[in-house]
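Each chain, letter by letter, is given below.
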Amino acid sequence: MENIKKEDLEKLVGSDKVNTFYDIVDEITKLYDMEQIWNKGGKKWIYEYKFRKGGKTLCAFYFKDNTLGFMIIFGKEERTKIEEMRNEISPSILEIYDTAETFHDGKWVMFNITNNLIIEDLKKLLFIKRKPNRK
């Protein structure tokens with residue numbers, strides 16, 4: 001799937017959320033050298049945009065009517081690390097993490113992105129998932 005136009009994303013989720021999406025993508029791109037892939041969003045979403053390297057997904061964004069989602073899937077070891085650093089993560093992020101469903105392949109945590117305030121917490125969670133690979 002080719003790149004999606006910014007105007008199309010703005011019509012779908014609104015310009016504030018699209019600007020936040022690009023801000024977060026810029027932050028992730030500064031930290032990680034990875035493939036960035038647009039896909040169809042499956043049954044529940046219209047578009048998916050994910051960061052992958054070596055067949056492993058770091059995180060993914062999801063777009064649908066007025067909603068921007070951000071998902072990280074945490075394996076068993078990663079969940080242990082999160083438990084060890086709970087006091088460093090904001091209560092609102094922990095609440096979303098704690099209520100996310102755990103499947104056989106990991107804990108699927110979906111964040112509803114509404115503003116930039118949680119970018120630092122998201123970075124902490126990404127660092128647990130994978131150490132940055134850019135100098």
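Before reading on, note that the structure itself is shown above.
Keep in mind it's a predicted model, so treat the numbers as computed, not measured. (Residues numbered from 1 in each chain as written. Predicted model: local features only at pLDDT ≥ 70, side-chain atom pairs only at ≥ 80, totals over all residues. Heavy atoms only, no water.)

### Topic: the packing of aromatic side chains
Here's step 1: Enumeration over the complete set of coordinates arrives at 14 aromatic pairs.
Here's step 2: Between Phe70 and Phe111, the ring centres sit 6.4 Å apart and the planes meet at 40 degrees, which makes this aromatic pair tilted. Of the two residues, Phe70 is situated in strand S4 (residues 67–74) and Phe111 in strand S6 (residues 106–112); the sequence distance between them amounts to 41 residues.
Here's step 3: Here Phe111 falls in the buried class, since its relative accessible area comes to 1%. (Phe/Tyr/Trp six-rings, centres within 6.5 Å; stacked < 30°, edge-to-face > 60°. Helix = DSSP H or I, 4+ residues; strand = E, 2+ residues; numbered from the N terminus. Buried < 20%, exposed > 50% of the residue type's maximum accessible area, 1.4 Å probe, protein only.)

### Structural notes on helix H2 (residues 15–31)
In an α-helix, one turn spans 3.6 residues, which is why side chains three or four residues apart end up on the same side.
Here's step 1: Along its 17 residues, H2 runs 25 Å from first to last C-alpha, staying within 8% of the 24 Å computed at 1.5 Å per residue.
Here's step 2: Every buried residue of H2 is accounted for by Lys17, Val18, Thr20, Phe21, Ile24, Val25, Ile28 and Leu31. In an axial view of H2, the angular spread of the buried residues amounts to 160 degrees, which keeps them on one side of the axis. Residues of H2 that are exposed and point over 90 degrees away from its buried face: Asp16 and Lys30.
Here's step 3: Elements in contact with the buried residues of H2: helix H1 (6–13), strand S1 (35–40), strand S2 (47–53), strand S3 (56–64), S4 and helix H5 (119–129). (Expected span 1.5 Å × (residues − 1). Arc of directions from axis to C-beta. Contact = heavy atoms within 4.5 Å.)

### Structural notes on unusual backbone geometry
Here's step 1: Even without being glycine, Asn66 reaches a positive phi, approximately 55 degrees.
Here's step 2: On the secondary structure map, Asn66 appears in the loop between S3 and S4.

Any link to function would need more than the numbers given here.
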